[in-house]
Amino acid sequence: MSREIYAYKCRKCGHLHYPYRMVCRNCGENEHNEFDQVPLPKRGKLLTWTRAYSLPADFEVPSLGLGIVELENGIRITGQLRVDDPKIGMDVRGEVEIVRREGYDERYGMIFYEA
Amino acid sequence: MRPVYVIGIGITSFTRLEYPLSEIAAYPAMMAMKDAGWKEIDHLYVANMGSGRVNHQTGLASAVVDTLSLTPAGAEVIENGPASGASAIKTGLMAVASGLHDVVMVTGAERMREVNNLEATEFIATLTHPLAEYIYGVTLPSLAAMFTRLYMEKYGVTERHLAMVAVKNQNNALLNEFAHLQQEISIEGILDSPEAMTNNPYVAEPLRFFDCCPVSDGGACVILASEEVARKVERPLVRLAGVGQATDTHAVHEREEPTDLLAVRRAAAKSFGMAGLTPSDVDVAELHDAFTILEIVESEEVGFFPKGEGEGHLALERGETAVGGKLPINPSGGLKGRGHPVGATGVAQAHEIVHQLRGEAGERQVNDAKVGFTCNFGGFGNNVVCLTFVREN
C-alpha cells in the first residue's frame, strides 16, 4: 500500500500548509474542507537536526536521528533522519515509512536519507 | 481596571516529594496565607498540567480547595502546559482587576516523580503536534536541540556558552534552600575534563545532560488582592503591573524564521506595555531556562539585549546576568537549578521576584531591586506568558 503525506492548499488564496489546519493562516478566509491535498515533494535540504538519546518508551533503539527539512516547494517538515554524518544544508530525500509502533498500531511518517 | 497586588507567597522544596499532589498544592497556599496574615480567599486557581495523566487525579482544584477548608470559594484548574503557572496568575489578575473578586489565591503544583524520567519526558512530549512531531519520537529536548544547532550556526553561541548558563544557574541554586539541585558544578567538570563526556552526556545533540532542567515535584503560591486589601496587609507593596501573552504555530517547523521566538517577544512587549515600563527598567528577571539555550535567547527576545548580533551570550560572558551583575537572571537557580514541576514553575518564578522585590532573598538578594520580570514558556514557545512586577513603597 503506498502512503503519502500531504500539504494542504487553500482554495481561496493558494497558500500551502503543513500540517493541516482548519482555517488558512494566510488569508484567514476558508472553512473546513476548503483545502486541496497536495502530495509533499520528497526532496529537500536539511535545515537542522539532532540525535536524541532520551526517547519515549515506544522507541526501542539507543538513539534516534531527527531533522527539519525544507522541501523543494519551500514547505518545511519534521521527520526522522537516517544519515550517518548530517550537515546543515545537505540534500536529503524522504520515504514514507513506519516511524512509530504503539502496541499493535503502526504510524507512518517521513524518514529522510542522504540524497 | 483596578491595580492588583501580591500580598502573600509560599513555596515547597522542589525535589522528589512523598506526599499527594493536592497537598503539594495546598502546603505553599498555607504558607502564603501565613505570609500575608490573611485567610479570606474569594477564589482559587490551581495551575497544573499533568494530574490526569501522571497522577490519575482529575478535578484537582476541588480537592485543593477542600484540603484547605476554603469551601465554598470557587476553584478551578488552569492548564497551559509549562506556562500554566503564569497563565493562572494572569487569570487571577483579571479576576481582581475586574472587581469580580478582592482576594484570589493562585497555587501551582506538579508531581512528576510519580513516574520515571522516560515517562515524564513522554508526558511532556504530548505537547508537540500529534501528527507532525509527536509520532516521530520528537520530545522537548529534541526540539530545543534542533533550535540550538541553528542558533549556534547563526549567532556563534557555543557549547561553552550553554555550560556557562548551567554553571551560573545551578550554582545560584546553592543559595536557594528550596531548589532541587544542590550540587556545585564547574565548566571543567561538565565540559573540559577527560570525564566530561561521562559526567555530561548528550541528551539530544548538541544539548547535554546539564543543559536540561531536572524533573521535579513541587508547588508554589501567590495571593493576589485589591489595593484596599493590600494596604491592610502589613507586607511590602508589590504590584503585578503587567501581564502579556502570545502564541505561535503549534509545529515548530512552520515558524518563518526558525531562530526567532516570536511569542516571547510579543508577550514581553505586551507585559511591559501594560506596566508602562521598558526592558531597561528591569532590575531582576526569572526566565524559562528549561534548556540553557532558552535563557540566552529569551534574554534577547524580551528586549534585555539586542538580538541582531546575538548579544545574549556576550552579556553572559561579561557576567552581566550573574547575581551582582547589571541584570541578574535566574537568581533562584531558574528551572535548571530550582527544578521544573511544570504547572508550578510560573508561580515559582513570581515567588522569587516578589521575594527579591521585598528584599527578603538573603544571600542571593539583588541590590535595590524595584522592578522584576518573569517569562514562562509553554510548549516549545507556542504559548508564552510574561509578568512584570513593581515594588511600590
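Residues numbered from 1 in each chain as written. Chains lettered and ligands numbered in written order. Predicted model: local features only at pLDDT ≥ 70, side-chain atom pairs only at ≥ 80, totals over all residues. Heavy atoms only, no water.

Draft legend 1. Up close: helix H6 (residues 140–155) of chain B. All names here are of chain B. Here H6 spans 22 Å end to end across 16 residues, near enough to the 22 Å set by a 1.5 Å rise per residue. Counting buried positions along H6 gives 14 out of 16 residues, so the element sits mostly inside the fold. With its phi angle positive at about 75 degrees, Gly156 sits one or two positions after the end of H6. (Helix = DSSP H or I, 4+ residues; strand = E, 2+ residues; numbered from the N terminus. Expected span 1.5 Å × (residues − 1). Buried < 20%, exposed > 50% of the residue type's maximum accessible area, 1.4 Å probe, protein only.)

Draft legend 2. Spatial organisation of the interface of chain B and chain A. In this assembly, 32 residues from chain B lie in contact with 33 residues from chain A. Surface buried jointly by chain B and chain A totals about 2,800 Å² across both partners, of which 57% is contributed by carbon and sulfur atoms. Three residues stand out in chain B for area buried against chain A, namely B:Tyr136, B:Met146 and B:His253, and they jointly supply 28% of the buried area on that side. Summed over the shared surface of chain B and chain A, the result is 2 salt bridges. When the shortest N-O distance is used, the salt bridge between A:Arg100 and B:Glu122 registers 3.3 Å. Our count for the contact surface shared by chain B and chain A stands at 16 residue pairs in polar contact (both at pLDDT 80 or more). (Contact = heavy atoms within 4.5 Å. Buried area = accessible area lost by both parts, 1.4 Å probe. Salt bridge = Lys/Arg side-chain N within 4 Å of Asp/Glu carboxyl O. Polar contact = N/O pair within 3.5 Å; in protein donor to acceptor, adjacent residues only side chain to side chain.)

Draft legend 3. Up close: the layout of surface pockets. Residues and elements named next belong to chain B. Considered as a void within the structure, the largest pocket measures approximately 660 Å³ in volume. Contributing to the lining of the largest pocket are 32 residues, with Thr121, Cys212, Cys213, Pro214 and Val215 lying nearest its centre. Secondary structure elements with two or more residues in the lining of the largest pocket: helix H5 (117–125) and H6. Counting residues per element, the lining of the largest pocket draws most heavily on H5, which supplies 5 residues. Taken together, the residues of the lining of the largest pocket break down into 21 nonpolar, 9 polar and 2 charged. One number sums up the size of the second largest pocket: a volume of about 440 Å³. (1 Å grid on protein atoms, 1.4 Å probe; cavity = no way out; pocket = protein on both sides within 12 Å on 5 of 7 lines; lining within 4 Å. Points joined across faces, edges and corners; volume = space filled by probe spheres on them. Nonpolar A, V, L, I, M, F, W, Y, C, P; charged D, E, K, R; others polar.)

Draft legend 4. Geometry of the pairing of strand S7 (residues 217–226) of chain B. Residues and elements named next belong to chain B. Most of S7 sits inside the fold, with 10 of its 10 residues counted as buried. Of the two faces of S7, the one holding Asp217, Gly219, Cys221, Ile223 and Ala225 and the one holding Gly218, Ala220, Val222, Leu224 and Ser226 are both buried throughout. Two elements, strand S1 (residues 4–11) and S7, share 7 bridges in a ladder whose sense is antiparallel. Its bridge partner lying in S7, Gly10 is registered against Cys221. In terms of strand pairing, strand S4 (residues 103–111) meets S7 through 9 bridges, oriented antiparallel. Opposite Ala109, over in S7, you have Gly219 as the bridge partner. (Pairing = 2+ DSSP bridges.)

Draft legend 5. Representation of unusual backbone geometry in the model. The amide bond that connects A:Tyr18 to the next residue, A:Pro19, takes the cis arrangement and shows omega of 0 degrees. Relative to the helices and strands, A:Pro19 is located in the loop between strand S2 (16–17) and strand S3 (35–39). The peptide bond linking B:Thr71 to B:Pro72 adopts the cis configuration, its omega dihedral lying at 10 degrees. Looking at the element boundaries, B:Pro72 is found in the loop between helix H3 (60–67) and strand S3 (74–78). Of note in this structure, B:His56 is not a glycine but carries a positive phi near 55 degrees. With respect to the helices, strands and loops of the structure, B:His56 is situated in the loop between helix H2 (51–54) and H3. For B:His56, a relative accessible area of 69% puts it in the exposed group.

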